[in-house]
Amino acid sequence: MLVGDFPEVLRRAAAGDASAFARLRRDTHPPLLRYLWVSTGDAAEDVAAEVWLEVARRIGSFRGGEHEFRGWLFTMARRKMIDRHRYEARRPVSPTGDGELLDYPAADDTVTAALEYISTETALALIATLPRDQAEIIVLRVVVGLDASAVAQIVGKSPGAVRVAAHRGLRTLRERVAGATVTSPGRGGVTL
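Residues numbered from 1 in each chain as written. Predicted model: local features only at pLDDT ≥ 70, side-chain atom pairs only at ≥ 80, totals over all residues. Heavy atoms only, no water.

Kindly report on the overall build of the protein chain, identifying the contributing residues and their values.
Looking only at helices and strands, the protein chain features 8 helices and 2 strands. Counted from the first residue to the last, the protein chain has its helices and strands arranged as α-α-α-α-α-α-α-α-β-β. Expressed as a percentage of the 192 residues in the protein chain, the buried residues total 39%. Counted over contacts in the protein chain with a minimum sequence separation of 6, partners at least 24 positions apart contribute 62%. As displayed, the protein chain offers around 11100 Å² of accessible surface, 54% of which is attributable to carbon and sulfur atoms. (Helix = DSSP H or I, 4+ residues; strand = E, 2+ residues; numbered from the N terminus. Buried < 20%, exposed > 50% of the residue type's maximum accessible area, 1.4 Å probe, protein only. Contact = heavy atoms within 4.5 Å. Areas by Shrake-Rupley, 256 points an atom, 1.4 Å probe, with all protein chains shown as cover.)

Next comes the structure, spelled out in structure tokens:
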């Protein structure tokens, strides 16, 4: 989080300073991707790119602090995600099976990065097994770090309903952790 620097970084980003915009993006992009991955799987990067284009177009009209910025960003992300789901429902895709040729590891992979990726992917895959509203709320509350009232505004529920859904989802996750196999969106099973 940018905390004290946020107002100046936002002002510079709104004025067209690319380095300030990059700093905003660097700070909020990882939790944005995690949020989108739970509902869109491999399309998370594409949806995030659409969100950042929208942010770039509208940042000049944004008013508020860092907390409000995060709420604004994730509200846009949710809308883009819903648009994506509607688009995919109207135009289903049937893969050809040639994807295995594209999955070669990068030359600069390290064991640490791989283990971190696997544990993050496993956690997100487990969250993705929950009902969509619970998964979305847990990602926004736990991964992104938004409070219940901010999440309530994003998902269109009351703060109490957000707390209840988060509690139920976390309780379900706790019950599933012991020896479960999780199927992640767009990937095979991941054993916990």
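That was the structure; now back to the text.
If you had to explain the nonpolar core to someone new, which residues and values would you point to?
Ranked by size, the top nonpolar core spans 51 residues in total, and within it Leu24, Tyr35, Leu36, Val55, Phe74 and Leu140 carry the most contacts. Secondary structure elements with two or more residues in this core: α1 (6-14), α2 (18-40), α3 (44-58), α4 (66-90), α5 (111-128), α6 (132-143), α7 (148-155) and α8 (159-176). Top element by residues in this core is α2. It accounts for 9 residues. Setting aside chain neighbours within four positions, we find tyrosine 35 in contact with Phe74, Ala77, Arg78, Met81, Glu136, Val139, Leu140 and Val144. (Core = buried A, V, L, I, M, F, W, Y, C linked by side-chain atoms within 4.5 Å.)

Account for the packing of α6 against α7, with residues named and values stated.
Relative orientation of the contacting elements α6 and α7 amounts to 140 degrees, with a least axis distance of 10 Å. Judged on the interaxial angle alone, α7 and α6 are oblique. Judged by the twist between their axes, the crossing of α6 over α7 is right-handed. Together, Glu136, Ile137, Leu140 and Arg141 of α6 and Ala148, Val151, Ile154 and Val155 of α7 make up the contact between the two elements. For the contact of α6 with α7, the class distribution of residues is 6 nonpolar, no polar and 2 charged. (Axes fitted to C-alpha atoms, helices over the stretch in contact; angles between N-to-C directions. Parallel < 35°, antiparallel > 145°, perpendicular 65-115°, else oblique. Left-handed = near helix turned anticlockwise from the far one by under 90°. Nonpolar A, V, L, I, M, F, W, Y, C, P; charged D, E, K, R; others polar.)

These figures come from the coordinates and say nothing about function on their own.
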